[in-house]
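# Architecture at a glance
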Amino acid sequence: MATTLLLLTIAIPWVGGLIVWLVGNKHTGLQHRIAVAFALLAGGAGVALIPYSSSQIVVNLPLGSVFGNFTFVADGLGVFLTVVATVIGSLAVIFSVDYMQGEDQLGRYYAMVLFFIGAMSGLVLTSNMLLVFFFWEITALCSYALISFHNDDPKAVAGGIKALIITQIGGVGLLAGALLLYAVTGSMDFNAFIANPALMPAKWLGIMAFGFLIAAAAKSAQFPFQTWLPDAMEAPTPISALIHAATMVNAGVYLMARFYPAFKDVPGWTTAVLLVGMITALMAAVMALVSNDLKRVLAYSTVSQLGYMFYAIGAGGIYASQFHLFSHSIFKALLFLGAGAVIHSVGTRDMRQMGGLGKQMPLVRAVFIIGGLALAGIPILNGFWSKEMVLEAGLANAPVWTYIVMLIGAGITALYTFRCVWMVFYGEPHSDQHVHDAGPAMKVALIPLAFATLTSWLLAGSFGKLLGPETLPAHGIEISSLGEVIHEVLSLPTLIALIVIALGLAAWWWRGRLTGLSNALKGVGQAAADSFGFEAINRGIVKGTQSAAEALRATQTGLLNWNIFGIIAGLIIVLAVVIFGG
Amino acid sequence: MNISIPVIAGLVILGLLGIGLYALLAVRNLIKIIIALQIMVKGVLVAFILAGRLQGDMVTAQSMALVVIVADTIVAVVGLALAVQIRRHTGKLDTTALTTLRR
Amino acid sequence: MNANTAFTLVIGLPLLGTPIIYLLGRLWARQNGSSSAANPARWLAVLILVATGVFTYFAGVGATADYTGISHDFGGLTLTMDGLGLFLAVTVLALGILVTLFSAQYMQGEVGEEKFYALLTAMIGAIIGLGCATDLFNLWLWFEVMAVTSYFLVAFYRDQKASLEAGWKYLVQSATGSTLVMLGIALAFAATGSLRFDELRLAAASADPLLLAAGALFIIGFGVKTALVPLHTWLPDAHSQAPSGISAMLSGIVIEAGLVAMLRSLGILYATSQVWGYLLLGFGALNLLVGNLMALRQTQVKRLLAYSSLSHVGYMLIGFGMAFTFAMPNGAIGGFFHLFNHALMKGLAFLAAGALLYALYIAKGHHGPLVLDDLNGASKRYPLTAFCFSLAVLALGGLPPLAGFMSKWQIFVSGFETGNTVAILLVIFAALNSVLSLGYYAPIVNRLYRGQPSQTVQEGAKISPWMAAPMVILALAIVLLGVWPSLLTNLTSRAALGLFMLMGG
């Protein structure tokens, strides 16, 4: 049964994608229906897999030497992330029915979305390192195809290619680690290695650990690879929700959480993860504060929240990081889809041209505020519990100053969230266009997410059991009831955190009186708007490569004598190497 | 210095190859380039015969040399045919006129 | 069927078929006018190649029965089909049959159509023979036959100046390389007195200067055909000017045949020096970088694909370099796997580009180059071709679930298995180059899927199912090998075994 369900969660979206693509763009109604049906089926299969989670291999296709055995394991971590990918993914698909109404080339759109969801399930369910890399690259491919879905728009194309190239450069780290695992242990299966990291000599283990960190940072848009993510906002908004809440960026957090038991003793590794998370959390929060593009604010907040998850992993709080990932996927999907509804009706992403939209879109305002409160960490929404868990983990196992930095980050989070809500839904209306309310399919997707944002924290206990020692023997997660979580969260540090968050809120309230402070921070804001110089580095590298390529083209003169010179030069070099090097 | 036949032959081989390669580098005329190729092949033919003599296996060496002559003639014929066509199209027999395909 | 009979037919059929195809086609053309639509030469060529393929299967069954393969004496000339020979025959026939099918419409009505099919069949026969040669001189002879047939095919459009220019450069450079190979053979003969692989290998145990010089000459001589940087300058011209089917053959198998010839000749000299492996690795790295950078700013589609061939030869060289330097079986197996996949991927890319070139230009009677701007929005009018083209370039870029990913993986594994820091850094360099290559592959896909078709696309002609069918087959094969990479392991590992046996391992 587990075997069938597991294969179904991967196969259903892929088959659905193929069918949607084959149906052809002439039958758009049918395409919408097929996509929704297959996405929901995949979600169902994912949820049905929960009771079968165990640490046993349930699928094994032996392929031979370098490719290893294609093995799949439905353990707690994998099942959890599959459920997130398929369920949130299917809500994004439902939302797309309204959002993509009347768009061209729907077959390609839905095929890639479903392919993406299936690949994400495969990534988290396999225990073969080659397949991890395989699915990892497929998610990169799909994100590229979807970000640049509007191929006529050069910005969308550039954003897609940038996402592809940066995540691929990071992917080289994963590749190196995967190759090392096979070269040293002679097996592709990583569970044996996680159970016994001593299989790898310390030197190789270190390279592997940091290689994986690079890959995860690039995938999850962490420092210093964060630059691809804001440009990825050119994608249709349901795709942003899919990438930021359900699939792509979770892959990096998954990788770190999965291999934490193996890498935690590598010198400097946990500190590095901690610092990457901390720097990203703070930096992205500041960037969110100064951005005027609604989707970019949400994108930076995703990066920032992912920084919290990395921070938690660095501090050893695997449960906290995954719990935060769980809450975050729900409320961020809600926020993105809510933003999608707004953008779809207003026709711009610039928050300065919005304002006062609450009257026309009451439902969207309501759910967006729920999502915003959860993002800010206000009790008793799901974001509150998980963020406090992350901070507790930091306080327990990390230097205190990092905890303080994270607290400041939480305050800024509250500040930019309220700023965003205010600019969109309150204040003076700036647009005299006719604004229409969200469509029915949009509402169908938004309401369950809003409900889950309010209640998902009640599942903390069962979530702990899912990640417990029965399915993840090496991770040592011992939380098994909601009471433990509540007990841990309701403590003095939480009060401090709440005060900081309240200060952030207050800062927005009294923004008029704080002009002196905001003028003082103007320089920081300017630097943040330029992505703290990393954008310039990217551009420099691209430009350097292109001009090198352009310069090299001069060597192809087309003159035969010159070509012969190449042959003779080659002969002389080879002879010299043979004589002096042989 | 003892000037034996192998040394002379070796010098001839190197000389022919050197002339051929130099001509390929310096000459622009299509027909001359074909001649340069032919000169190089002649050097190789001497090399085959020399090798046969050194190994005392002239039969193999000569039969190989004959095959090389045939193969090389075919290449020369194809090359000259191309040169004729090029002359027809460009009116010139000059490699510098053949640099439209570049970069 | 008797394996020996089958082997005789595999060697004989394409070579004997060549004049028959030509004569039949010529007679038909004379009776029905030279631009007759249904010249039977193409069907005869397909028939002969398919029959050769069937016999290759039977010969292969015999050849894989033991490790030495099957040998046959053709009047004093011994040919052996070992694992490597079988692998090369399978690859060339697979691609060759599809290219011949594709060309049915592409070449329809061209002057001298029958010559095209006759020469293509002869070239395929020569490549099969090249894989089965058992002595150096014979190896060179097959190589030369392949080269001469390909000169004609590259310069097939005799009335196009650019095509003549490409053919001319190809001929001169290739002939120069061939001369160097001959000199190498003479040196090897002078040093050992034999040219048979088995005898030469036993004789070539020490670092005789003559043999070292011979090895260097083999690398450069065969390297011209293999397009090692800086001997590659003929390649973009020839690949872009040849008829698209021939571009697919040149890039997919002819340059690789040069590589196989180089590996055979260096394999014999394996014991003489360590340096051969290092040279392969060095040229591999150089090819990767130069190929990718040259392709990055290219605007003509076929030239871009030609430059990307340079970088793919680089991956193969790195795999074989690992096999030579560190005796890594996975390097050779991965190298051969990539060779096969590259034949599929680049074959598909050239066929798809060719289909577009045909529909947008040739069918209208002019021979302009296909530039990137022509691709804009091609998926609107040519959804299947655009999809196949995207699949091919993404596979070339090494994205899963496509074949190129798996063979690159296998090559990379061999580098890490050495445990040598330099080898590992080289693999990481190769992986970064893979990322760089996406910098020119990905924009092609974006162009193909634009919503607004370019002017040329809107005015384009139809692409017939005969052109589409080979592309679909190749696309399916690329996906299949991407998700089931062990399908070919039997073939590729035997090819690697053939190479290692030559090296005396």
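Residues numbered from 1 in each chain as written. Chains lettered and ligands numbered in written order. Predicted model: local features only at pLDDT ≥ 70, side-chain atom pairs only at ≥ 80, totals over all residues. Heavy atoms only, no water.

## Remarks on the pairing of strand S2 (residues 77-81) of chain C
The side chains of a regular strand alternate between both faces of the sheet. Residue and element names in this part refer to chain C. Pairing geometry for strand S1 (residues 70-74) and S2, over 5 bridges, is antiparallel. Within S2, the position partnered with Ser71 by the bridge is Thr80. Joining the antiparallel neighbours S1 and S2 is a turn of 2 residues, in which Gly75 adopts a positive phi near 55°. (Pairing = 2+ DSSP bridges. Helix = DSSP H or I, 4+ residues; strand = E, 2+ residues; numbered from the N terminus.)

## A few points about the side chain of A:Thr417
Residue and element names in this part refer to chain A. Locating Thr417 in the fold gives a position in helix H17 (residues 400-425). When its relative accessible area of 5% is taken as the criterion, Thr417 is described as buried. Setting aside its immediate chain neighbours within four residues, Thr417 contacts Gly372, Leu375 and Ala376. (Buried < 20%, exposed > 50% of the residue type's maximum accessible area, 1.4 Å probe, protein only. Contact = heavy atoms within 4.5 Å.)

## Remarks on the packing of helix H13 (residues 294-314) of chain A against H17(A)
Residues and elements named next belong to chain A. Interaxial distance between H13 and H17 falls to 11 Å at its minimum, and their mutual angle equals 160°. Taken together, the axis directions place H13 and H17 in an arrangement best described as roughly antiparallel. Considering the relative orientation of H13 and H17, their crossing is left-handed. Together, Leu294, Val297, Ser301, Ser304, Gln305, Gly307, Tyr308 and Tyr311 of H13 and Thr402, Tyr403, Met406, Gly409, Ala410, Thr413, Tyr416, Cys420 and Val424 of H17 make up the contact between the two elements. (Axes fitted to C-alpha atoms, helices over the stretch in contact; angles between N-to-C directions. Parallel < 35°, antiparallel > 145°, perpendicular 65-115°, else oblique. Left-handed = near helix turned anticlockwise from the far one by under 90°.)

## Overview of the environment of A:Leu123
Residue and element names in this part refer to chain A. Structurally, the position occupied by Leu123 is in helix H4 (residues 106-125). When the C-alpha positions of Leu123 and Phe463 are compared, they lie 20 Å apart, and in sequence the two are 340 residues distant. Setting aside its immediate chain neighbours within four residues, Leu123 contacts Val132, Phe135, Trp136, Ala251 and Tyr254.

## Section: the interface of chain B and chain C
The extent of an interface is frequently quoted as the accessible surface area lost upon association of the parts. Opposite the 42 residues of chain B that make contact, chain C presents 40 residues. For the pair chain B and chain C, the summed buried area comes to about 3200 Å², and 80% of that belongs to carbon and sulfur atoms. Taken together, chain B and chain C are joined by 0 salt bridges. Taken together, the links from chain B to chain C amount to 6 residue pairs in polar contact (both at pLDDT 80 or more). Breaking the side of chain B that touches chain C down by element, the ones donating at least two residues are helix H1 (5-26), helix H2 (30-55) and helix H3 (58-90) of chain B. The leading source of residues in the side of chain B that touches chain C is H3(B), at 16 residues. A per-class count over the side of chain B that touches chain C returns 29 nonpolar, 10 polar and 3 charged. (Buried area = accessible area lost by both parts, 1.4 Å probe. Salt bridge = Lys/Arg side-chain N within 4 Å of Asp/Glu carboxyl O. Polar contact = N/O pair within 3.5 Å; in protein donor to acceptor, adjacent residues only side chain to side chain. Nonpolar A, V, L, I, M, F, W, Y, C, P; charged D, E, K, R; others polar.)

## Digging into the pattern of salt bridges
Residues and elements named next belong to chain A. Per the counting criterion, the structure on display carries 19 salt bridges over all chains. For the salt bridge of Asp75 with Arg258, the shortest nitrogen-to-oxygen distance reads 2.6 Å. With Asp75 in the loop between strand S2 (69-73) and helix H3 (76-99) and Arg258 in helix H11 (residues 248-263), this residue pair connects regions lying 183 residues apart in the sequence. For the pair Asp75 and Arg258, one class covers both residues: buried. For Arg296, the salt bridge goes to Asp231, with nearest N and O atoms at 3.3 Å. Of this pair, Arg296 sits in helix H13 while Asp231 is found in helix H9 (residues 228-231), placing the two residues 65 residues apart along the sequence. According to the relative accessible area criterion, Arg296 is partly exposed, its value standing at 23%. Members of the salt-bridge network, linked through shared partners, are Lys162, Asp231, Arg296 and Glu535.

## Quick look at the domain arrangement of chain A
Domain annotation of chain A identifies domain 1 (2-529) and domain 2 (537-581). One C-alpha centre belongs to domain 1 of chain A, the other to domain 2 of chain A; they are set 44 Å apart. (Domains from an automatic or database assignment.)

## Let's talk about the layout of surface pockets
In this structure, the second largest pocket spans a volume of roughly 1600 Å³. In terms of lining residues, the second largest pocket is bounded by 49 residues, among which A:Ile161, A:Ile165, A:Val542, A:Gln546 and C:Gly439 are the most central. Mapped by element, the contributors of at least two residues to the lining of the second largest pocket are helix H6 (154-185) and helix H24 (534-552) of chain A together with helix H11 (275-296) and helix H17 (421-448) of chain C. A total of 11 residues in the lining of the second largest pocket trace back to one element, the largest contributor, which is H17(C). Among the residues making up the lining of the second largest pocket, the classes are represented as 25 nonpolar, 11 polar and 13 charged. (1 Å grid on protein atoms, 1.4 Å probe; cavity = no way out; pocket = protein on both sides within 12 Å on 5 of 7 lines; lining within 4 Å. Points joined across faces, edges and corners; volume = space filled by probe spheres on them.)

## Brief notes about the packing of helix H13 (residues 329-360) of chain C against helix H20 (residues 489-502) of chain C
All names here are of chain C. For the pair H13 and H20, the least separation of the axes is 8 Å and the interaxial angle reads 125°. Judged by the angle between their axes, H13 and H20 are oblique. Every pair of crossing elements has a handedness; the one defined by H13 and H20 is right-handed. Across the interface between the two elements, Pro329, Ala332, Ile333, Phe336 and Phe337 of H13 pack against Thr492, Ser493, Ala495, Ala496, Leu499 and Phe500 of H20. Looking at side-chain class alone, the contact of H13 with H20 contains 9 nonpolar, 2 polar and no charged residues.

## Quick word on the side chain of A:Gln31
All names here are of chain A. Mapped onto the elements, Gln31 comes out in helix H2 (residues 28-48). Polar side-chain contacts of Gln31 include one of 3.3 Å to the backbone oxygen of Val20. One polar contact links the side chain of Gln31 to the main-chain carbonyl oxygen of Gly24, over a distance of 3.0 Å. When near neighbours in sequence (up to four residues on either side) are disregarded, Gln31 contacts Val20, Val23, Gly24, Asn25, Leu106, Gly107 and Tyr110.

## Some words on the interface of chain A and chain C
Contacts between chain A and chain C engage 57 residues on the former and 72 residues on the latter. With both chains or domains summed, chain A and chain C bury close to 5700 Å², and 76% of this area falls on carbon and sulfur atoms. Here chain A and chain C share 2 salt bridges between them. One salt bridge connects A:Asp104 with C:Lys380, and the closest N-O pair in it is separated by 2.2 Å. Along the contact surface separating chain A from chain C lie 16 residue pairs in polar contact (both at pLDDT 80 or more). Per-element tally for the side of chain A that touches chain C: the top contributor is H6(A), with 14 residues.

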